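Each chain, written out:
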Amino acid sequence: MPTTRFQIGDTVMGRWPGSNLYYEVKVLSYDSKTRLYTVIYKDGTELELKESDITSLTIFKQGVARSRSRSRSRSPGRPRRSRSRSPARTSRRSSSRTTDVRKEKLKEVLEIRLTPVPVTHENNSNSKHEKKEENNTANADSTITEVKTEMESENQAGGRYNLRRRKDQGDGKTVELEQKTETETLSQTKPPAASAIKMTDLEFGGRVGVFFLMFLLPVAVLALLILCGQKDASLQSFPLELPALQSLWDSQVFGIVLLWLLFQAVLSLLPVGKLTEGMPLKNGKTLKYRINGFYALLLTAVAVGVALHQEVDLSYIHAHFLQFYTSALLIVTLLSIYLFIRSRWASKDELAPGGNSGYFIYDFFMGRELNPRIKNFDIKFFCEMRPGLMGWVLINFAMLQAEMKNQNLENPSPAMLLVNIFQLLWVVDGFWHEEKLLTMMDIVYDGFGFMLTFGDLAFVPFTFTCQAYYLVSHPNELSVFWIITLITMNGVGYYIFRKANSQKFAFRKNPSDPALSHLKTIPTATGKSLIVSGLWGWVRHPNYLGDIVMGLAWSLPCGFNHLIPYFYLIYLITLLVHRNARDERQCRRKYGSAWDEYCKAVPYRIFPGIY
Ligand SMILES: NC(=O)C1=CN([C@@H]2O[C@H](COP(=O)(O)OP(=O)(O)OC[C@H]3O[C@@H](n4cnc5c(N)ncnc54)[C@H](OP(=O)(O)O)[C@@H]3O)[C@@H](O)[C@H]2O)C=CC1
Ligand SMILES: CC(C)=CCC[C@@H](C)[C@H]1CC=C2C3=C(CC[C@@]21C)[C@@]1(C)CC[C@H](O)C(C)(C)[C@@H]1CC3
């Protein structure tokens, strides 16, 4: 270990990232490259902290004593204000107080003894959870001292810590931490502890893995599209002769793709819809996002209606599908190069933890910059939600037109209708809940590089449409029984998906929401709790399960003759299983023993009965 202020094994006070709370921690290691200390909290949570977020025990205690005596001498004889206010009272009070009083309050030093909240587990069944949790609590048996300065508190971007007694703890001695929000912001949770991610194990097989993926993914999608458009779509009948390169290029198609991107970019900049703050960044700041996807979808529908009225033949998209794909691929490549180059000028705070290994190919693939923006135009948020998702719906509709044209049908087939309607519902749902995307891993944590650019602009619109593309040249009759079964399956999948996602979102936004008071939860040392009943007590990722059930309902209308229409389902299961593993690693790091507790209580990951 080079000369550092703190040595391995030292017990020091470490600030919890994004807050002003100091916990007693032990120094495990120091990385001279990143200049970060790896520390371990008493509950086993490991994090990496900057030197400025660590202070020695002696200095810390002196500081606490000094500010305590200052606070006492300022208001001699003033009774100490009770900390047991209800959240409602606390926020009302804070909004009405004068700045001076607030300043004083912020300088106050509070010492709180946090007692672990017992959660009863008689066995693994969730119903055995007796402890009902209404608020965020901390289970670390450590002394926490909260030292607030005005500046620091402003850095919290709307989030504040209030203290109040647990309602269901009769002794009235224990207080708990609760983070409350006053403004309309999504920043209730802590900022991503970007620096907390170790770069020792690279994802996707490291440099070699991503190098192959970068070539394999575009080629695999091309192969899928070639097979899907063939009469015989079986894997064995893949043409030995690949299409000539010139046949994959059409400048008119490229122009249309550019126009589409431009149209969607203009729609995304329209000053309609609310402006929402995203999660706090490493520097404590938040970015603003215009949430107008739903309006953009409506305007796109109007534009398509006008085009149809002008007798524009949408089946052109089907006839030139491969050229559309190669155009998208070219744009993906150019955009990824632009993103990589511009990331050189990004400040350290603007870089994604996962995409800055120092290896060119790896960082190009994973994405260096977290939120690349041109003025207010957020490139990642735009690509993630707009051109690909809207394009998916448009392509599906074009396939429906192509089916009627190619098969001389007066009406689209039931299979094509079901695929169109089911997927439209998912996309509409995505836009309706667009704001929630701001808390997702992809936005909060992942850099924007080749992987997401390709995923958003090429993979989503060209592979998620493969069922509709397949049905154009592979008609499949559906009986009434099948139609009802598929509608029911999609409905059930959607219910699980939506309910699980909305419940988690609502709980994270306001854990004291009376509508969620029936939920049982496990407290964690971070102040957040984990839901352990209902859908989240059934499996650890019910939202993934719902998504997979829907994915099955989208593929089954294509029948059982070929594997190709099941591509989406196979992709989804692979992606979500990988995502689940990645998320669980992060949660274990974030929540330590509380996460293990959750895993014990809810042993199944995604599928009930499968560990
Ligand atoms: N079709 C597609 O291509 C894809 C679809 N999706 C869908 O997107 C949706 C969102 O997925 P994703 O972003 O991966 O994130 P998740 O919704 O799975 O969120 C995981 C996070 O939720 C929190 N959490 C986990 N367990 C609990 C619990 N018991 N109680 C409370 N909070 C908990 C943790 O964050 P914290 O505690 O910090 O809040 C954890 O990091 C899913 O429905 C998924 O199916 C995702 C990827 C691809
Ligand atoms: C092969 C490869 C490089 C794949 C990249 C995967 C990405 C395309 C997907 C990862 C997670 C996604 C999500 C959506 C779109 C596809 C990507 C980006 C999503 C935004 C679509 C709308 C939904 O309602 C959603 C918000 C649930 C969803 C979130 C995940």
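Residues numbered from 1 in each chain as written. Chains lettered and ligands numbered in written order. Predicted model: local features only at pLDDT ≥ 70, side-chain atom pairs only at ≥ 80, totals over all residues. Heavy atoms only, no water.

Per an unreviewed UniProt entry, the protein goes by the name Delta(14)-sterol reductase LBR and belongs to Onychostoma macrolepis. Looking at the protein in UniProt, the text filed under Sequence similarities (unreviewed entry) is "Belongs to the ERG4/ERG24 family." Check the Pathway (unreviewed entry) section of the UniProt entry for the protein; it says "Steroid biosynthesis; cholesterol biosynthesis." (UniProt positions renumbered as here; feature names shortened; annotations may be inferred.)

## Let's talk about the UniProt feature "transmembrane region" (unreviewed entry) in the protein
Mapped onto the present numbering, the UniProt feature "transmembrane region" (unreviewed entry) falls on residues 208-227, 247-270, 291-309, 321-341, 444-472, 478-497, 518-539 and 559-578. Within the segment residues 444-472, helix and strand shares are 76% and 0% respectively, and the terminal C-alpha atoms sit 39 Å apart. Its end C-alpha atoms 18 Å apart, residues 518-539 is made of 18% helix and 27% strand. (Helix = DSSP H or I, 4+ residues; strand = E, 2+ residues; numbered from the N terminus.)

## Topic: the nonpolar core
Formed by 104 residues in total, the largest nonpolar core has its most connected members in L225 and F454. With 11 residues, the top contributor of residues to this core is helix α9 (residues 321-342). Structurally, this core is a two-domain feature, drawing no fewer than three residues from each of domain 2 (206-477) and domain 3 (478-610). In this structure, L516, I531, A601 and V602 belong to the second largest nonpolar core, which totals 19 residues. (Core = buried A, V, L, I, M, F, W, Y, C linked by side-chain atoms within 4.5 Å. Buried < 20%, exposed > 50% of the residue type's maximum accessible area, 1.4 Å probe, protein only. Domains from an automatic or database assignment.)

## What about the side chain of D53?
Mapped onto the fold, D53 is located in the loop between β4 (46-50) and β5 (54-56). Beyond its immediate sequence surroundings of up to four residues, D53 is in contact with M13, G14, R15 and Y22. (Contact = heavy atoms within 4.5 Å.)

## A word on the site of ligand 1
Around ligand 1 there are 27 residues in total, and Y544, D547, D583, K590 and Y591 lie nearest to it. A distance of 2.5 Å is found between an oxygen atom of ligand 1 and a side-chain nitrogen or oxygen belonging to Y544. Between ligand 1 and R579 there is a distance of 2.6 Å, counted from an oxygen atom to a side-chain nitrogen or oxygen. Sorting the residues of the shell around ligand 1 by element identifies α17 (480-509), β15 (529-531), α19 (542-555) and α20 (567-591) as the ones contributing at least two each. Broken down by element, the shell around ligand 1 gets its largest block of residues, 10 residues, from α20. (Near = heavy atom within 4 Å. Polar contact = N/O pair within 3.5 Å; in protein donor to acceptor, adjacent residues only side chain to side chain.)

## Notes on the packing of aromatic side chains
One pass over the structure, following the stated rule, counts 36 aromatic pairs. Considering the side-chain rings of F211 and F212, the 5.7 Å spacing of their centres and the 80° angle between planes classify their relative orientation as edge-to-face. Plain terms: the ring middles of W249 and F254 are 5.2 Å apart, the flat faces sit at 40° to each other, and that makes the pair tilted. Stacked on the ring of Y359, the Lys or Arg R207 has its end atom at 3.8 Å from the ring centre. It is R373 that lies over the ring of Y289; its NZ or CZ is 4.8 Å from the centre. (Phe/Tyr/Trp six-rings, centres within 6.5 Å; stacked < 30°, edge-to-face > 60°. Lys NZ or Arg CZ within 6 Å of the ring centre and 35° of its normal.)

## Quick look at the confidence of the model for the protein
Taken over all residues, the pLDDT of the protein has a mean of 79, while the share at 70 or more is 75%. Scored below 50 in pLDDT, residues 67-199 makes 289 contacts in the model with residues more than four places away or belonging to other chains. Complex prediction metrics read pTM 0.74 and ipTM 0.94. (pLDDT = per-residue confidence, 0-100.)

## Here we look at the site of ligand 2
Of all residues adjacent to ligand 2, which total 17 residues, the nearest are G430, M440, M451, G455 and D456. Computed on the free molecule, ligand 2 has an accessible area of 630 Å², of which 88% lies beneath the protein chains in the complex. Those elements that place two or more of their residues in the shell around ligand 2 are α11 (379-385), α13 (414-432), α15 (450-463) and α20. Broken down by element, the residue count for the shell around ligand 2 peaks at 5 residues, all from α15. Each residue belonging to the shell around ligand 2 can be placed in one class, and the counts come to 11 nonpolar, 2 polar and 4 charged. (Areas by Shrake-Rupley, 256 points an atom, 1.4 Å probe, with all protein chains shown as cover. Nonpolar A, V, L, I, M, F, W, Y, C, P; charged D, E, K, R; others polar.)

## Comments concerning α17
The terminal C-alpha atoms of α17, which comprises 30 residues, lie 43 Å apart, in line with the 44 Å expected from a rise of 1.5 Å per residue. Along α17, the positions that sit buried rather than exposed are L486, N490, G493, I496, F497, R498, A500, N501, Q503, F505 and F507. On the buried face of α17, the contacting elements are α13, β14 (521-523), β15, α18 (535-538) and α19. (Expected span 1.5 Å × (residues − 1).)

## Details of empty space enclosed by the protein
Taken as a whole and judged by the stated rule, the model has 6 cavities of 30 Å³ or more. In this structure, the largest cavity encloses a volume near 90 Å³. Along the walls of the largest cavity sit 12 residues, with M279, L281, Y289, N371 and V444 positioned nearest its centre. Of the residues in the lining of the largest cavity, the class split is 10 nonpolar, 2 polar and no charged. (1 Å grid on protein atoms, 1.4 Å probe; cavity = no way out; pocket = protein on both sides within 12 Å on 5 of 7 lines; lining within 4 Å. Points joined across faces, edges and corners; volume = space filled by probe spheres on them.)

## Overview of α19
With 14 residues, α19 should cover 20 Å at 1.5 Å per step; its first-to-last C-alpha distance of 20 Å lies within 8% of that length. With 12 of 14 residues buried, α19 lies mostly within the body of the structure. Taken residue by residue, α19 has P542, N543, Y544, L545, G546, D547, I548, M550, G551, A553, W554 and S555 as its buried positions. Summarising the contacts, the buried residues of α19 are in contact with α12 (387-406), α13, α16 (466-473), α17, α18 and α20.

## Structural notes on the pairing of strand β3 (residues 36-41)
For a regular strand, side chains alternate in direction, first toward one face of the sheet and then toward the other. β3 sits mainly inside the fold: 5 of its 6 residues count as buried. Note: strand β2 (residues 21-31) against β3, 6 bridges, orientation antiparallel. In the sheet register, V27 faces β3, and the bridge partner there is V39. (Pairing = 2+ DSSP bridges.)

## Focus: the environment of A553
With respect to the element layout, A553 can be found in helix α19. Judged by its relative accessible area of 0%, A553 falls in the buried class. Between the C-alpha atoms of A553 and L227, which are 326 residues apart in sequence, the distance is 22 Å. If we skip the residues at most four places from it in the chain, A553 touches F422, L486, M489 and N490.

## Remarks on the pattern of salt bridges
Applying the stated criterion to the full structure yields 12 salt bridges. Between E584 and R540 there is a salt bridge whose closest N-O contact spans 2.8 Å. Remark: R540 occurs in the loop between α18 and α19 and E584 occurs in helix α20; sequence separation between them is 44 residues. Side by side, E584 and R540 carry an identical accessibility label, which is buried. The salt bridge involving R588 is made with D596; its shortest N-O contact spans 3.0 Å. (Salt bridge = Lys/Arg side-chain N within 4 Å of Asp/Glu carboxyl O.)

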